[in-house]
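Understanding the architecture of this molecule
Residue strings, one per chain:
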Amino acid sequence: MRRDGRQTPAKTADVPSKGEPSFRLQEWRLAGVVALALTWLFWWPLWLGGGLIGGDLYSYALPQKVFFSDQLQAGVLPLWHTWTGQGYPLLAESQTGVLYPLHWVTYGLLDVQTATNVVQIVHYLAAFLATWWMSRWLGLGSRGATLSAVVYVFGWFPVRASLDWAILGGLYLPLAIGCAEAYRQTQRRRYAIGLSLAIGLQLLGGHFQIAFYTWLLLVAYIIARAFLGAGACRPGLLSSERREDRGDTPRLLTAIAIAFALGVMLAAVQLSATWELKTRSQRAVVGGEHLPFYGHLPPLYLTQLVAPWLWYDPAIDLDAAINRLPGSVPAATNRAEAHLYFGLIPLALIVGGLVIESRRRRLDRWTIFWCLILLAAVAYATGWPLMVLQYVPGFNFFRGPARTGIVATLAAGLLAGRYFEQFGGWCRGRRLPTLPMLLFWVTVADLWWTPQAVTYASVMAEPPIRRRDVSVVRQLLLKEEQPPRLFAPGQNLPNLLGVSALPVYLGLGPQEYFDPQYAAPKVDPDDHHTYSAERVAWLRAGGVTHILSFEPLEPRGWPVEHVWTGFDPLLNPAWDRFREPVHLYRLNEARGRVFWADADATGSATVTAYGPHRVQVRAESVNGGRLVLTELAYPGWDVAVDGEPVASPPTEGMFRAVDLTAGTHEIVWTYRPRSVFWGAVLSAIAGMALVVLSRARFL
């Protein structure tokens, strides 16, 4: 009772605001418990400190993350990667997610394997809750939303665990749709700001293809929502709590468009750097190294939806089998890219529900919309629409059309969730309350067990990366007086040692690494030990100082000095070579990281400081000449000699160089990318605008 004698109002912690669905605290708790339980079920080895290996993890993702983590823990936010080849712009390549906030915390404080595990687990939990939340806004009850989240999160992502960007980008697809719908229903500014943050964080996370599909789905949904009105949501479930449209659709669409634009601007610092690299990369023009059709879903392989046992057999070569299927577009694919499976029970719920409602003529606009999205995503996944769409910007840039399966799986999850609720009501009417729960857990078991033969990733209790500090090869190379550069099998993988290595593997990389004029002489990818004068000349030109080989090199005529032979605790397990030793050599007459280009130049040059943004060299010469640093010449690298800025003309097509007079000089190359600066300005403006809008009263 209050002092004036009136009754004290009841607490309203669980009472929804006007226009918002009834998200009771116990529903959130249940969704959180289910998310934790399923993430533990699917990834319990990661919770216990294990790690994934396979696919691109050790050849692409971890080499970037190890460098990123080392630099963060040294107090540097790296924009340039010095270990892969002669270097490349790490921020611009994007997939490391240099500016992604969660990465700063995890990779800056934890060892790289623990940080990788934490990032994956957190995103699985967040993606589940985001999908559940979105499904509730789209009209599903708590049980239907839970099944939708299971289908989306655990139907599409675990098979693609070797693609570490998948779950990171996939989190923001349902979050963006949920924020747009929440704002449409309530017109509350926090949801518009949430949409901006979802768009921006997804781009900062680093892989733009899922962001592109998010944009396409978001635009389709907003347009449909504008024309369908309340019919774009399931009628009935939220009708008592939804703020009805009042003829202000243009204003709402404008607000959502502004929120979307601010989200893109928020990531301008990432986008500007990536655009600069794209114009200078192997994918500047479609064709050649860029194959947009690669990674499609052959139409006949869609039978995996109804008969996965015909395909998911560890005894068959699935990659070879699906590439022989008739009806495929003229490009290769693989089992992870072409995977599309969301469980037999969800599929039965969708088909059964659609048949029943069609016969009763009860198909509503909500169902029709998500059916069309599902069909369109599957059709695009086959690659055939690219015959036309490859000439459209956006579509012609990204590889792997089968990745639209993420949109198809989200649509399937929503449809399955809807009919799961209807089935639950039917079971309650017939006193079968436990049957829906049984079907739910059978679906979980189906998604956990059935596709295990499809993924490229496997779990190891003691992953190789945890043995990095005891790597013999790493210890030997780090003792070198000058920064070494290693030539070794396994593109990028030797970067785990903490040294520069060739050859390189980059999805979006500087054109110089792919230009036949500068690239390695063409040989069998598995042949790194056969001697040829052309190969040795290329290694010396690229600044290679050491060679790591699976075979002895001395008997083959290589100009090398033997350093060490044995079993390396990091490299051998990573290469799956548990019996054969590896051989480390020093390349004779290697010109190394810095050298005098002129044959008559007499003097010395020594790297005295070497980091991702600054390289310092002390040079002495009798008659001067051109000093070459065997690092990639790229916009943003400036040079100063004895404190005075000078020109740094590229030499030999790709290296940095400076012309010096006789005497002793201090040369400092510094990385100050203008693209990052101007992008950061735009990002800061967007950030300030979002802060202002969060306090404004007109949104």
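Residues numbered from 1 in each chain as written. Predicted model: local features only at pLDDT ≥ 70, side-chain atom pairs only at ≥ 80, totals over all residues. Heavy atoms only, no water.

This brings us to the overall build of the protein. When helices and strands are tallied, the protein shows 22 helices and 15 strands. The C-alpha radius of gyration computed for the protein amounts to 28 Å, which stays within 12% of the reference 27 Å derived for 699 residues, consistent with globular compactness. Projected onto its principal axes, the C-alpha positions of the protein cover 95 × 65 × 55 Å. For the protein, with 699 residues in total, the buried portion stands at 57%. A sequence separation of at least 24 residues applies to 75% of the contacts in the protein between residues at least 6 apart. Looking at the protein as shown, the accessible area adds up to about 29200 Å², and 61% of this sits on carbon and sulfur atoms. Mean positive and mean negative side-chain charge positions of the protein (60 and 51 charges, respectively) differ by 16 Å. (Helix = DSSP H or I, 4+ residues; strand = E, 2+ residues; numbered from the N terminus. Rg over C-alpha atoms; globule rule 2.2 N^0.38 Å. Buried < 20%, exposed > 50% of the residue type's maximum accessible area, 1.4 Å probe, protein only. Contact = heavy atoms within 4.5 Å. Areas by Shrake-Rupley, 256 points an atom, 1.4 Å probe, with all protein chains shown as cover. Lys, Arg positive; Asp, Glu negative; His and termini not counted. Charge placed at Lys NZ, Arg CZ, Asp CG, Glu CD.)

On to the nonpolar core. Soluble globular proteins: nonpolar side chains tend toward being buried together. Counting 204 residues, the largest nonpolar core has Trp-370, Leu-627 and Ile-667 as its most contacted members. Top element by residues in this core is helix 5 (residues 112–137). It accounts for 13 residues. Leaving out residues up to four positions away in the same chain, Ile-667 has contacts with Val-615, Gln-616, Val-617, Ala-619, Leu-627, Val-639, Ala-640, Val-641, Val-658 and Leu-660. Formed by five residues, the second largest nonpolar core is a distinct cluster that contains Leu-262, Leu-266, Leu-690 and Leu-693. (Core = buried A, V, L, I, M, F, W, Y, C linked by side-chain atoms within 4.5 Å.)

Strands sit in the order 8-11-14 across an open sheet of three strands; the sheet is antiparallel. Of all strands in the sheet, those bounded by a partner on one side alone are strand 8 (594–596) and strand 14 (655–660). Averaged over neighbouring strand pairs, the angle between their axes works out to 25° when direction is ignored. Sheet topology note: the strand 11 (residues 625–632)/strand 14 ladder contains six bridges and is antiparallel. Opposite Val-628, over in strand 14, you have Ala-657 as the bridge partner. (Pairing = 2+ DSSP bridges. Axes fitted to C-alpha atoms, helices over the stretch in contact; angles between N-to-C directions.)

Quick look at the sheet that holds strand 6 (residues 560–566) now. Spatial ordering of the open sheet is given by 4-3-5-7-6, a layout of five strands whose pairing is mixed. Because the sheet does not close on itself, it has two edges, and the strands there are strand 4 (500–502) and strand 6. For this sheet, the mean angle separating the axes of adjacent strands, direction not counted, is 25°.

Turning our eyes to something else, we now look at the side chain of Gln-64. With respect to the element layout, Gln-64 can be found in helix 2 (residues 57–73). With residues near it in sequence (within four places) discarded, Gln-64 still touches His-81, Tyr-88, Glu-93, Gln-95 and Thr-96.

Take the layout of surface pockets next. If a probe the size of a water molecule is rolled over the atoms, the empty space left behind becomes visible. Estimates place the volume of the second largest pocket at around 420 Å³. Along the walls of the second largest pocket sit 13 residues, with Gly-353, Ile-356, Tyr-419, Gln-422 and Phe-423 positioned nearest its centre. At the level of elements, helix 14 (344–360) and helix 17 (405–429) are the ones that each hand at least two residues to the lining of the second largest pocket. When residues of the lining of the second largest pocket are assigned to their parent elements, the largest contribution, seven residues, is made by helix 14. Here the residues of the lining of the second largest pocket sort into six nonpolar, three polar and four charged. (1 Å grid on protein atoms, 1.4 Å probe; cavity = no way out; pocket = protein on both sides within 12 Å on 5 of 7 lines; lining within 4 Å. Points joined across faces, edges and corners; volume = space filled by probe spheres on them. Nonpolar A, V, L, I, M, F, W, Y, C, P; charged D, E, K, R; others polar.)

Scored by pLDDT, the protein has a mean of 88; 91% of the residues are at 70 or more. Every residue in residues 1–19 is under pLDDT 50, and counting partners more than four places away or in other chains gives 18 contacts. Within the model, the stretch residues 230–247 combines pLDDT values under 50 with 51 contacts to residues more than four positions away or in other chains. (pLDDT = per-residue confidence, 0-100.)

Turning next to the environment of Leu-48. Within the element layout of this structure, Leu-48 appears in the loop between helix 1 (25–47) and strand 1 (51–53). Residues Leu-48 and Ala-461, spaced 413 residues apart in sequence, show a C-alpha to C-alpha distance of 8.1 Å.

With eight bridges connecting them, strand 10 (residues 614–621) and strand 15 (residues 663–671) associate as antiparallel partners. Counted as the bridge partner of Val-617 is Ile-667 from strand 15. Sheet topology note: the strand 12 (residues 637–641)/strand 15 ladder contains five bridges and is antiparallel. Pairing of Val-641 across the sheet is with Ile-667, part of strand 15.

All right, on to the packing of helix 1 against helix 5 then. In contact at an axis separation of 10 Å, helix 1 and helix 5 are set at 150° when each is read in the N-to-C sense. As for the relative orientation of helix 1 and helix 5, their crossing is right-handed in sense. Seen from helix 1, the contacting residues are Glu-27, Trp-28, Ala-31, Gly-32, Val-34, Ala-35, Leu-36, Leu-38, Thr-39, Trp-43, Leu-46 and Trp-47; seen from helix 5, they are Asn-117, Gln-120, Ile-121, Tyr-124, Leu-125, Phe-128, Leu-129, Trp-132, Trp-133 and Arg-136. Of the residues that constitute the contact of helix 1 with helix 5, the class distribution is 16 nonpolar, four polar and two charged. (Left-handed = near helix turned anticlockwise from the far one by under 90°.)

Tracing the chain through its elements places Arg-184 in helix 8 (residues 172–186). Residue classification places Arg-184 among the buried positions, given a relative accessible area of 3%. Residues Arg-184 and Arg-225 lie 41 residues apart in sequence; the distance between their C-alpha atoms is 8.7 Å.

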